Amino acid sequence: MITFRLATVSDITDLLQLYSAARLRMASAGNPHQWTERYPQRELLDEDIEAGRSYVMLDDDKTIMAAFVLLIGPDPNYRQIDGAWLNDEPYATIHRLASRPDCHGIFHECVRFCRTICANLRVDTHRDNLIMQHLATKEGFHYCGIIRLIYKTADAERLAYQMAFP
């Protein structure tokens, strides 16, 4: 049975390993530019944990299978979009999803969990992240347009998706 909980500082080593493996998988899948160097950095992971927005997904043995951030409320990166959101209702955003390479169905379970918190979800991904684009569409997200990350000067465009409540 899959369970979810907020990440804690004691999870940092596992999180760093998950994200390191995810960067390698992304690069080997033709997406070497989305998460470069050590992104997400330890400081960002600490900040997410402190803010109560970092989650882990656990298997039956309570081993971490995946990690992600669920940002509830407005995301500053989503203020402007070349396109249009499905609605302007309150929403939550899934960020920084990473899983163990041997785990499957992670995005589906993540979305199912996140919808129990907020039915109106958004997600964005790099143009080269064909896997995430496929998963978002398969899961029922609608492509809405292009956003630009406010903290990056280069390679800041992201494809934005939204899943709205019925």
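Each remark here, short or long, concerns the structure printed above.
Small disclaimer: the values here were computed from a predicted structure and weren't measured. (Residues numbered from 1 in each chain as written. Predicted model: local features only at pLDDT ≥ 70, side-chain atom pairs only at ≥ 80, totals over all residues. Heavy atoms only, no water.)

Q: Honestly, the overall build of the chain in this entry has me stumped. Any pointers?
A: Scanning the chain for helices and strands turns up four helices and eight strands. When its helices and strands are written in sequence order, the chain yields β-α-α-β-β-β-β-α-β-α-β-β. A globule of 166 residues ought to have a C-alpha radius of gyration of about 15 Å, and the chain, at 15 Å, matches this closely. Dimensions of the chain, computed from C-alpha atoms along their principal axes, come out at roughly 40 × 35 × 30 Å. Burial statistics for the chain: of 166 residues in total, 49% are counted as buried. Of the contacts made within the chain by residues no fewer than 6 positions apart, 68% connect residues no fewer than 24 positions apart. Carbon and sulfur atoms provide 54% of the accessible area of the chain, an area that totals close to 8900 Å². Here the chain holds 18 positive side-chain charges and 22 negative ones, and the gap between their average locations is 2 Å. (Helix = DSSP H or I, 4+ residues; strand = E, 2+ residues; numbered from the N terminus. Rg over C-alpha atoms; globule rule 2.2 N^0.38 Å. Buried < 20%, exposed > 50% of the residue type's maximum accessible area, 1.4 Å probe, protein only. Contact = heavy atoms within 4.5 Å. Areas by Shrake-Rupley, 256 points an atom, 1.4 Å probe, with all protein chains shown as cover. Lys, Arg positive; Asp, Glu negative; His and termini not counted. Charge placed at Lys NZ, Arg CZ, Asp CG, Glu CD.)

Q: What exactly am I supposed to notice about the sheet that holds strand 3 (residues 64-72) here?
A: Backbone-to-backbone hydrogen bonds join strands into a sheet, with any given pair of strands oriented parallel or antiparallel. Taken in spatial order, the eight strands make up an open sheet running 1-2-3-5-6-8-7-4, and their pairing is mixed. Either end of the sheet is taken by a strand with one partner, and the two such strands are strand 1 (3-6) and strand 4 (82-83). Sheet topology note: the strand 5 (residues 92-99)/strand 6 (residues 121-125) ladder contains three bridges and is parallel. Looking across to strand 6, one finds that Ile-94 is bridged to Val-123. In the packing of helix 4 (residues 130-139) onto the sheet, contacts are made with strand 6 and strand 8 (157-163), and the angle to strand 8 comes to roughly 15 degrees. (Pairing = 2+ DSSP bridges. Axes fitted to C-alpha atoms, helices over the stretch in contact; angles between N-to-C directions.)

Q: Sorry, what's going on with the pattern of salt bridges here?
A: Pairing between side chains becomes possible if they bear opposite charge and their charged atoms approach one another. Per the stated rule, a full pass over the model turns up 11 salt bridges. A salt bridge links Asp-48 to Arg-53, with the nearest nitrogen and oxygen atoms 2.8 Å apart. With a shortest N-O distance of 3.3 Å, Glu-157 and Arg-127 are connected by a salt bridge. In this pair, Glu-157 is assigned in strand 8 and Arg-127 in the loop between strand 6 and helix 4, connecting sequence segments 30 residues apart. Classification of Glu-157 by relative accessible area gives partly exposed; the value is 33%. Each of Glu-47, Asp-48, Arg-53 and Arg-96 takes part in a single network of salt bridges with overlapping partners. (Salt bridge = Lys/Arg side-chain N within 4 Å of Asp/Glu carboxyl O.)

Q: Would you mind showing me how to read the layout of surface pockets here?
A: Vacant regions in the atomic arrangement are exposed by a probe of water-molecule size rolled over the atoms. Of the pockets and cavities examined, the largest pocket occupies roughly 1300 Å³. Surrounding the largest pocket, 50 residues form its lining, Gln-34, Trp-35, Arg-96, Leu-97 and Asn-129 being those nearest its centre. Where the lining of the largest pocket is concerned, the elements lending two or more residues are helix 1 (12-28), helix 2 (42-51), strand 3, strand 5, helix 3 (106-117), strand 6 and helix 4. When grouped by side-chain class, the residues that make up the lining of the largest pocket number 24 nonpolar, 12 polar and 14 charged. (1 Å grid on protein atoms, 1.4 Å probe; cavity = no way out; pocket = protein on both sides within 12 Å on 5 of 7 lines; lining within 4 Å. Points joined across faces, edges and corners; volume = space filled by probe spheres on them. Nonpolar A, V, L, I, M, F, W, Y, C, P; charged D, E, K, R; others polar.)

Q: Quick question: what am I supposed to make of the environment of His-104 here?
A: Along the polypeptide, His-104 turns up in the loop between strand 5 and helix 3. Each C-alpha atom, one on His-104 and one on Leu-6, is 21 Å from the other, the two residues being 98 residues apart in sequence.

Q: What's the story with unusual backbone geometry in this structure? I'm lost.
A: For residues that are not glycine, phi is negative in most cases, and the peptide bond is trans in most cases. Of the consecutive residues Tyr-39 and Pro-40, the connecting peptide bond is found in the cis state with omega at -10 degrees. For Pro-40, the location among the structural elements is in the loop between helix 1 and helix 2. A positive phi angle is found at Lys-62, which is not glycine, with a value near 65 degrees. Despite not being glycine, Arg-96 shows a phi value in the positive range, around 50 degrees. Mapped onto the fold, Arg-96 is located in strand 5. Given the relative accessible area of 15%, Arg-96 is considered buried.

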